[in-house]
Amino acid sequence: MKKNKDEILKYVNENLKGYEGYIQLMGEKIDEKHLFLAGERTPGLGEDELIYEAHFFDEKSKKSVSIRQINDAWFVDETELGGANLDPKKNPDIKEFHSKFKPEFSAKFKEVKIKMAQIWQDEKDEFCEVPQGNGTLEGLPVLKLQKIVFAGFVKDEKDKK
């Protein structure tokens, strides 16, 4: 869905409570103030802050939100991950990536890794054709990558003393 400046400010400040993720603002590098961990910091934007790119995830609803600024508008893509197993050790479509983020503001976590989910869909492929009984050729269904979405963080807890 496409949103203007006022709509995107309202969307982030009102709809993303309980989500975790990060925001890259226009003209700024990502640092710890742009990192939001569920239960510790709530995503929010000030009046003059403009998103270049942002990714959020809600663990309860398994909903991923991607926001990208293009020209004078912001495009929001909401993806439901529903029954997907988001454990990278049990699902090969979930990948972990080391990040430079160090959540020093966090009382619980010392490091976070970014978790991304690959979404695949069966589609008939015209280049993988097989002959049918009636003499025609038909494309075999093959898995094709539809998109990759943010699926939260993998958090390494701080040592308890």
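Note: the structure precedes this text.
Residues numbered from 1 in each chain as written. Predicted model: local features only at pLDDT ≥ 70, side-chain atom pairs only at ≥ 80, totals over all residues. Heavy atoms only, no water.

Our focus in this paragraph is the pairing of strand S5 (residues 63-70). Most of S5 sits inside the fold, with six of its eight residues counted as buried. Pairing of strand S4 (residues 51-58) with S5 involves six bridges; the strand directions are antiparallel. Among the inter-strand pairings, His 55 is bridged to a residue of S5, identified as Ser 66. The loop that links S4 with its antiparallel partner S5 comprises four residues; one of these, Lys 62, has a positive phi angle of about 55°. (Buried < 20%, exposed > 50% of the residue type's maximum accessible area, 1.4 Å probe, protein only. Helix = DSSP H or I, 4+ residues; strand = E, 2+ residues; numbered from the N terminus. Pairing = 2+ DSSP bridges.)

A cluster of like negative charges, contributed by Asp 6, Glu 7, Glu 47, Asp 48 and Glu 49, occupies part of the molecular surface. Structurally, the position occupied by Glu 49 is in the loop between strand S3 (35-36) and S4. (Patch = residues over 30% accessible without salt bridge, like charges linked within 9 Å, V, L, I, M, F, W, Y side chains within 5 Å. Areas by Shrake-Rupley, 256 points an atom, 1.4 Å probe, with all protein chains shown as cover. Salt bridge = Lys/Arg side-chain N within 4 Å of Asp/Glu carboxyl O. Lys, Arg positive; Asp, Glu negative; His and termini not counted. Charge placed at Lys NZ, Arg CZ, Asp CG, Glu CD.)

Bringing the environment of Lys 17 into the picture now. With respect to the secondary-structure elements, Lys 17 resides in the loop between helix H1 (5-15) and strand S2 (20-25). For the pair Lys 17 and Thr 42, spaced 25 residues apart in sequence, the C-alpha separation works out to 5.7 Å. Among the polar contacts listed, one links the side chain of Lys 17 to the backbone oxygen of Asn 13, at a separation of 2.8 Å. (Polar contact = N/O pair within 3.5 Å; in protein donor to acceptor, adjacent residues only side chain to side chain.)

The next thing to look at is the pattern of salt bridges. A side chain with one charge can pair with a side chain of the opposite charge if their charged atoms come near. By the definition in use, this model includes seven salt bridges. A salt bridge links Lys 33 to Glu 28; the shortest N-O distance between them is 3.7 Å. Classification of Glu 28 by relative accessible area gives partly exposed; the value is 31%. The partner of Lys 63 in a salt bridge is Glu 78, with the nearest N and O atoms 3.4 Å apart.

Strand order in the open sheet made by the six strands is S1-S6-S5-S4-S2-S3, with antiparallel pairing throughout. Of all strands in the sheet, those with a lone pairing partner are strand S1 (2-3) and S3, marking the two edges. In the sheet, S5 pairs with strand S6 (residues 73-80) via eight bridges, with the strands oriented antiparallel. When the bridges of S6 are listed, Gln 69 appears paired with Trp 74.

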